[in-house]
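This is what each chain is made of:
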Amino acid sequence: MTRAFPVAQAVKLSLILGVTTGSCLLGSNFKVHAESGTGAHRQPQITSVKLAQNSSAISRFQTFAEADELYQKGQLQAAENLYRKVKSEFAASDRRRTAIYEVDKLPGDGQVYWRNANEGLQQNLDSKIFLPLQLLLSNYPEFIKGHLLLAEACQNKPEACKNSAKDGQPKNALEVLGRAVELYPDEPELLKAKINALEKEQKFLEASIAARQFATIYVDYPEAPEFEQLAEKNLQRHHSKLNDDLRFQGIFSAVVGGVKAFSTKDWQAGVSGFETVSMLLQGESAFGKEVADKLVKQYQQEGKLLEDPQVLNYVRGIGGRLEPLMGRKFDYEYYVIQDSSINAFALPGGKVFVNTGAILAANSEAELAGLLSHELAHAVLSHGFQRVAQGKFISSLSNVIPMPDMLQEMVGKEHSRENERQADILGTRVLTKAGYAADGLRNLMATLNAKSGGKSETSWQSTHPAPAERVTYLENLIQSNNYNRYAFEGVKKHKEIQDLIQGVTPSIATTNPGSQPDEKPPKANLNPGSKPTRGVVAIASGQTRDNVEIRIDGGKVESNRNFTINFIVENRSDRPFAFVPLYAEVVTESGKKLKTRFSSAQAQVPAKGTIKGEVQVLGQTWNSQGSQNLTLVIKESTGGGRIFRIPF
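Presented here is an overview of the structure given in this document. Every chain is numbered independently, its residues counted from 1 as its sequence is written. Under the rules for a predicted model, residues below a pLDDT of 70 receive no local features and side-chain atom pairs below 80 are neither given nor counted, while totals for whole chains, interfaces and linings still include all residues. No hydrogens and no water enter the side-chain calculation; it runs on all heavy atoms of the structure.

**Let's talk about the pairing of strand β5 (residues 535-545)**
Here's step 1: Pairing geometry for β5 and strand β6 (residues 548-559), over nine bridges, is antiparallel. For V536, the partnering residue across the bridge sits in β6 and is K556.
Here's step 2: Pairing between strands is defined by DSSP: at least two bridges between them are needed. In this description a helix means any DSSP run of H or I spanning at least four residues, a strand means any run of E spanning at least two, and both kinds are numbered starting from the N terminus. Count of turn residues in the β5/β6 antiparallel hairpin: two residues, of which D546 carries a positive phi of about 50 degrees.

**Section: the packing of aromatic side chains**
Here's step 1: Two aromatic rings from Phe, Tyr or Trp, using only the six-membered ring of Trp, form a pair when their centres are within 6.5 Å; if the ring planes differ by under 30 degrees the pair is stacked, by over 60 it is edge-to-face, and anything between is tilted. In the structure shown here, the tally under the stated rule is 13 aromatic pairs.
Here's step 2: Taken together, a centroid distance of 5.6 Å and an interplanar angle of 85 degrees make the contact between F577 and F644 edge-to-face. Of this pair, F577 sits in strand β8 (residues 577-578) while F644 is found in strand β14 (residues 643-647), placing the two residues 67 residues apart along the sequence.
Here's step 3: Only protein chains enter the calculation, and the probe is 1.4 Å; a residue is then buried if its accessible area is under 20% of its type maximum, exposed if over 50%, and partly exposed in between. Accessibility expressed as a relative area gives 0% for F577, which makes it buried.
Here's step 4: Look at F644 and you get buried, because its relative accessible area is 0%.

**What about a nonpolar patch on the surface?**
Here's step 1: A cluster of nonpolar side chains, contributed by V580, L582 and Y583, occupies part of the molecular surface with about 320 Å² of accessible area.
Here's step 2: Tracing the backbone shows L582 in the loop between β8 and β9 (585-588).
Here's step 3: Exposure remark for L582: the relative accessible area of 63% places this residue in the exposed category. Residues enter patches when their relative accessible area tops 30% and they take part in no salt bridge; the joining distance is 9 Å for like charges and 5 Å for the nonpolar side chains Val, Leu, Ile, Met, Phe, Trp and Tyr. Methods summary: accessible areas were calculated by the Shrake-Rupley approach with a probe of 1.4 Å, and residue burial reflects only the protein chains presented. Only one rule defines a salt bridge in this text: a Lys or Arg side-chain nitrogen within 4 Å of an Asp or Glu carboxyl oxygen.

**Quick notes on the pattern of salt bridges**
Here's step 1: Taken as a whole and assessed by the stated rule, the structure comprises 33 salt bridges.
Here's step 2: R97 is the partner of E142 in a salt bridge, and the nearest nitrogen-oxygen pair spans 3.2 Å. Here R97 lies in the loop between α3 (76-86) and α4 (108-123) and E142 lies in the loop between α5 (126-139) and α6 (144-156), a separation of 45 residues in the sequence.
Here's step 3: Taking the relative accessible area as the measure of exposure, R97 reaches 40% and is therefore partly exposed.
Here's step 4: Its salt-bridge partner being D439, residue R485 comes within 2.9 Å of it at the nearest N-O pair. With R485 in the loop between α20 (467-480) and α21 (491-502) and D439 in the loop between α18 (405-433) and α19 (440-451), this residue pair connects regions lying 46 residues apart in the sequence. In terms of burial, R485 and D439 fall into one category: buried.
Here's step 5: Residues joined by salt bridges that share partners form a network here, namely R321, E365, E549, R551, E570 and R572.

**A few points about the sheet that holds β9**
Here's step 1: Strand order in the open sheet made by the three strands is β9-β13-β14, with antiparallel pairing throughout. Edge positions in the open sheet fall to β9 and β14, since each of these has one partner strand only. Between one strand and the next, the sheet's axes are offset by a mean angle of 25 degrees, whatever the strand orientation.
Here's step 2: As paired strands, β9 and strand β13 (residues 630-635) are joined by four bridges and run antiparallel to one another. From the neighbouring strand, T588 faces β13, where its bridge partner is L630. Only the stretch in contact is used when a helix axis is fitted, and all axes are lines through C-alpha atoms; the angle between N-to-C directions ranges over 0 to 180 degrees.

As structure tokens, then:
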């Protein structure tokens, strides 16, 4: 039986889940604010510098918009040429070299290092094992067998491994393999070794996600089914271990609470702790949903929950492209909060809250997708859930064994900074695989860096790495793995959504995106009245299944009883995808089939190809509130018979 969970406790837990774990984009002591559609009137200050900046911004926007259009048409090289015109190069960084396994492909000094290390193993001489291997990998990180041998040596001789490592070098087997997999995420042998090391340390969730990521992202590799099985096995082991730990914590919390109640005569002392553990035992999804529901209720009461369907469909559509690549199946949900601070956070089970300030600060759909992929990564890596479980135990323990507050803070913050790095890396990989520009998250971090005054170092008090630090390691990640920076940005649609949030007339903003009026217009009513809509409408949604994505991207209202929606089919798999327009449908919430007329350039999408189409809905009035409460249903006619349902 589920206990009632008060709003105050939900808020407290959300702070633990969001701020303490680093699930927020920024630390709790650092908030910056985006330009909003409301605010004090400003004095006119039109200068030549401002005019030049506006002109530059307009030109940049138009170039991105043109490049996006070319990219969506499949003219990738032409799109890249335009993207390069407005994107500056990163600082020089070593690009990833092609992986090698054969010793004879190493240069002479590399072969000597390898031979000496093997001789050291035979002679059991630590200095002759670790030093040659460290030199080998420093000079030739592409030699996969070197990473595997060093990891094995570190497992067998952990103290020698730690003592021989210099500053910046991995100090244990898991760090060795983690760094190797970061460099070569598509090498199955490295990942198998890493999963094995994680299993030995009983880090079953990390092992499961690592396996699932490979199986999802490298679906065409012959090893993909094997990694899918590893993912399921370790996920079950994680759930079993977690439940055992939580049951122990529940008993421990009850005992500690009873001791405290007896000594203080406060008989309510142990109740909240026991209730929290009981909730944790329900699992991540149930726990996250209960906290999210209470937060949503609070935001609604405060008038902060934005419910405009066009904005929500836009955010959900982006999330829908990312979710299948995250490695875990959750009931993902997205909420938009009317708050000018550039922030977002994730709750367990894939409940993501994003501020309007973050949407306004992002310069493109790719940047917002980078933020969402970062938050989704926190959810799938169980950062918040694990933190609450651990925090509940430490809280109970401190009732009987005093623990200095500073020590708890330092432990929590160090853990949080590592969580942030993990979410940044996983988020960027997923962003790239979803077809967005790989530097989306990096570019948003650059914006935060500028707003924070360019802070370049992370102090021990910080819960998050400094934005400048994050920009640097994300640039290195993108360059070393040859991730594509010149993929889809999505500036036009993003600007329309920003204009909607700010209450700016879309036609003016799209024509002159860099303009800065002397007085900001009043905030628009995001729930307009019943005046009939005419012309182009902004609406977005999508669904991805097995590397095939179908998404809705805007439409047009022709009359009171007819409208057309645009859809895009993107086939990222290595085999063709086809559907029969005759059998495609638009249905109501009750399942009633509406009269439609489908048209597309073609009904078969080649491997790695994209097509655009339209569906005209006849005899149906466009709902000016935005969401139509309808679903586009497209059935695959090629092998697999998948059914795509895209609500809009």
